[in-house]
Amino acid sequence: MHESMVAQSLLNTICAEAAKQNGRPILAKVSCGTFNALNDDILGMAFEAISKGTVCEETRLEIKHKPIRAKCRHCQAEFDFQIANPTCGQCNSDKFELLPDAPLLLDEIEFEIG
Amino acid sequence: MNKRVQVGKKILSANEEYAQRNRQLLSQQKKVCLNMISSPGSGKTSILARTVGELKDKMGIGVIEGDIQTELDAERIRTAGAVAVQINTEGACHLSAAQVNTALHKLPLEKLDLIIIENVGNLVCPSAFELGEDGKIAVLSVAEGDDKPVKYPALFSKSKVLLINKIDLLDSGALVDFDVDKVKADARKLNEQIEIFCISAKTGKGMNDWYDWLVHVAKIRT
């Protein structure tokens, strides 16, 4: 369950930023690629558990999953890769290259100030 | 009043910093490192024990063993003739780059040509954590079923090699539903460059092609 490690890293970063901003974090936006294998419910539970008693106790996590992108070798179009139907949406070719998965990022924190 | 702060920070940056340290250490020492990943029971340790036993006169291989508990796998590797360091993750589902950094410092790197990391048995989490390796090796045994590349695409899309193990079961007439051609085609859809070897760590079938690949790869930095 690597969500616990992700939750701990998020907590550390948000707490550090909260001290800098002198505010209460109310929303943290996270994004990741599909291959990061991150489960929203488990991450949410892990974050809730470890944030108790910290400034992040009521911070809500918003997690955006980005699709895997692929580039067609036939027509060069980029498209969202779907494992059930791995073909180019433009030309139907099944010759493609998978592009690097989106990284696991803490994109934005919303603070309540004052 | 609310304020939005753009952060844009990699959440696993602490792991990535250690992975970078490992890359630097391996590069300075001119060593090649591979990260072996599979489900539990696919035969990773059996493959490594046979490999180090049969290649020990040709090259120095060091093994980093990752397991939730016990030193059993490291002992099997030592018995087979190679130096091994055991990491117990105490429940964690993958090895971290920091754990591998500690283990690398326990290995006699100057005497080795190649370091192979046997990750914790798990087809999901280990593929999300870079360890500073030069490549990943995916292992899939025929008893696990031929749908794994489609169900766990992350590992197969990132691996340099796929070892299809326990191929002797198919030859023996055992009731195993496993279509080798389907697995090869599915893996290559995800990763055109992947090298695929059908092997049996038990009988030795197909192992020579895998050894040739390893010997070739181990020379990349020398």
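We now turn to the structure provided with this report.

Residues and elements named next belong to chain B. Look at helix 1 (residues 13-28) against helix 4 (residues 97-106): their axes get within 8 Å of each other, and the N-to-C directions meet at 30°. In this view, helix 1 runs roughly parallel relative to helix 4, as classed from their interaxial angle. Seen along the crossing, helix 1 lies across helix 4 with a hand that is left-handed. Of helix 4, the residues touching helix 1 (which contributes Asn15, Tyr18, Ala19, Arg21, Asn22, Leu25 and Leu26) are Ala97, Ala98, Val100, Asn101, Leu104 and His105. Taken together, the residues of the contact of helix 1 with helix 4 break down into eight nonpolar, four polar and one charged.

In this assembly, 26 residues from chain B lie in contact with 32 residues from chain A. For the pair chain B and chain A, the two sides together bury roughly 2700 Å², of which 62% comes from carbon and sulfur. Summed over the three residues of chain B that lose the most area to chain A, namely Val5, Ile11 and Lys189 of chain B, the buried surface amounts to 24% of that side. Connecting chain B to chain A are three salt bridges. Between chain B and chain A we count 14 residue pairs in polar contact (both at pLDDT 80 or more) in total. Per-element accounting of the side of chain B that touches chain A gives the leading share, nine residues, to strand 1 (residues 2-10) of chain B. Along the lines of polarity and charge, the residues of the side of chain B that touches chain A split into 14 nonpolar, six polar and six charged.

Before going further, it helps to examine helix 2 (residues 44-55) of chain B. The α-helix advances 3.6 residues per turn, and as a result positions three or four apart in sequence lie on the same side. Over its 12 residues, helix 2 of chain B extends 16 Å from the first C-alpha to the last, a length consistent with the 16 Å expected when each residue adds 1.5 Å. Taken residue by residue, helix 2 of chain B has Lys44, Thr45, Ile47, Leu48, Ala49, Thr51, Val52 and Leu55 of chain B as its buried positions.

Further remarks concern helix 4 of chain B. Of all the residues in helix 4 of chain B, the buried ones are Ala97, Val100, Asn101, Ala103 and Leu104 of chain B. In this structure, the buried side of helix 4 of chain B is in contact with helix 1, strand 3 (61-67), strand 4 (83-88) and strand 5 (114-118) of chain B.

Residue and element names in this part refer to chain B. Within the element layout of this structure, aspartate 67 appears in strand 3. Lysine 44 is the oppositely charged side chain nearest to the buried, salt-bridge-free aspartate 67, at an N-O distance of 6.9 Å. If we skip the residues at most four places from it in the chain, aspartate 67 touches Asp73, Gln86, Ile87, Asn88, Thr89 and Val120.

With that out of the way, let us pick up the packing of aromatic side chains. All names here are of chain A. Inspection of the entire model under this criterion finds three aromatic pairs over all chains. Between phenylalanine 79 and phenylalanine 96, the aromatic rings sit 6.0 Å apart at their centres with planes inclined by 85°, giving edge-to-face as the arrangement. Pair noted here: phenylalanine 79 is in strand 4 (residues 78-80) and phenylalanine 96 is in strand 5 (residues 96-98), with a separation of 17 residues, a long-range link. Taken as a pair, phenylalanine 79 and phenylalanine 96 share a single burial class, namely buried. Summarising the aromatic geometry, the rings of phenylalanine 81 and phenylalanine 96 are spaced 5.6 Å apart at their centres and angled 50° between planes, so their arrangement reads as tilted. Pair noted here: phenylalanine 81 is in the loop between strand 4 and strand 5 and phenylalanine 96 is in strand 5, with a separation of 15 residues, a long-range link. Given the relative accessible area of 10%, phenylalanine 81 is considered buried. The class of phenylalanine 96 is buried, set by a relative accessible area of 5%. Through pairs of rings, three or more aromatic residues link up here, namely Phe79, Phe81 and Phe96.

Attention now moves to the pattern of salt bridges. Under the definition given, this model contains 17 salt bridges over all chains. One salt bridge connects glutamate 112 of chain A with arginine 24 of chain A, and the closest N-O pair in it is separated by 3.1 Å. With glutamate 112 of chain A in strand 6 (residues 105-113) and arginine 24 of chain A in strand 1 (residues 23-33), the pair connects residues that are 88 residues apart, well separated along the chain. With relative accessibility at 31%, the residue glutamate 112 of chain A sits in the partly exposed group. The exposure class of arginine 24 of chain A is partly exposed, given its relative accessible area of 32%. In this structure, arginine 50 of chain B and glutamate 54 of chain B form a salt bridge, with 3.1 Å as the shortest nitrogen-oxygen distance. Of this pair, arginine 50 of chain B and glutamate 54 of chain B both sit in helix 2, four residues apart, which is roughly one turn of the helix. Judged by its relative accessible area of 25%, arginine 50 of chain B is partly exposed.

Another point: the sheet that holds strand 5 of chain A. Residue and element names in this part refer to chain A. The strand order across the open sheet formed by three strands is 4-3-5, and the pairing between neighbours is antiparallel. Looking at the sheet topology across the chains shown, the edges are occupied by strand 4 and strand 5. Strand after strand, the sheet turns through a mean of 35° between neighbouring axes, direction not considered. Note that strand 3 (residues 69-72) and strand 4 share three bridges and pair antiparallel. When the bridges of strand 4 are listed, lysine 71 appears paired with glutamate 78.

Rules used in this analysis
Residue positions are counted from 1 within each chain, in the order its sequence is given. Each chain takes a letter, starting from A, and each ligand takes a number, starting from 1, following the order in which they are written. For a predicted model such as this one, the threshold for reporting local features is a pLDDT of at least 70, and the threshold for listing and counting side-chain atom pairs is 80 or more; totals across whole chains, interfaces and linings nevertheless cover every residue. Where side-chain values are given, they derive from all heavy atoms of the structure, hydrogens and water being excluded. Only the stretch in contact is used when a helix axis is fitted, and all axes are lines through C-alpha atoms; the angle between N-to-C directions ranges over 0 to 180 degrees. Helix numbers and strand numbers start at the N terminus; a helix is a DSSP run of H or I with at least 4 residues, a strand a run of E with at least 2. To sort the angles, those under 35 degrees are grouped as roughly parallel, those over 145 as roughly antiparallel, those from 65 to 115 as roughly perpendicular, and the leftovers as oblique. When the near helix sits turned anticlockwise from the far one by under a right angle, the crossing is termed left-handed; a clockwise turn instead gives a right-handed crossing. Working rule for contacts: check all heavy atoms of both residues, and any pair within 4.5 Å makes them a contact. Amino acids are sorted into nonpolar (Ala, Val, Leu, Ile, Met, Phe, Trp, Tyr, Cys and Pro), charged (Asp, Glu, Lys and Arg) and polar (every other residue, Gly among them). Put simply, buried area is how much 1.4 Å-probe accessible surface two parts lose in total, over both of them, once they are put together. Throughout this description, the term salt bridge denotes a Lys or Arg side-chain nitrogen within 4 Å of a carboxyl oxygen of Asp or Glu. Here a polar contact means two N or O atoms within 3.5 Å. Within protein one must be a hydrogen donor candidate and the other an acceptor candidate, and residues neighboring in sequence count only if both atoms are side-chain atoms. One less than the residue count of a helix, multiplied by 1.5 Å, gives the span that helix is expected to have. Partly exposed residues are those whose accessible area sits between 20% and 50% of the maximum for their type, while under 20% is buried and over 50% is exposed, using a 1.4 Å probe and protein chains only. Positive charges are assigned to Lys and Arg, negative charges to Asp and Glu, while His and the chain termini are left out of the count. Note on aromatic contacts: the rings of Phe and Tyr and the six-membered ring of Trp form a pair at centre separations within 6.5 Å, being stacked when their planes are under 30 degrees apart, edge-to-face when over 60 apart, and tilted otherwise. By the convention used here, strands pair only if DSSP detects at least 2 bridges between them.

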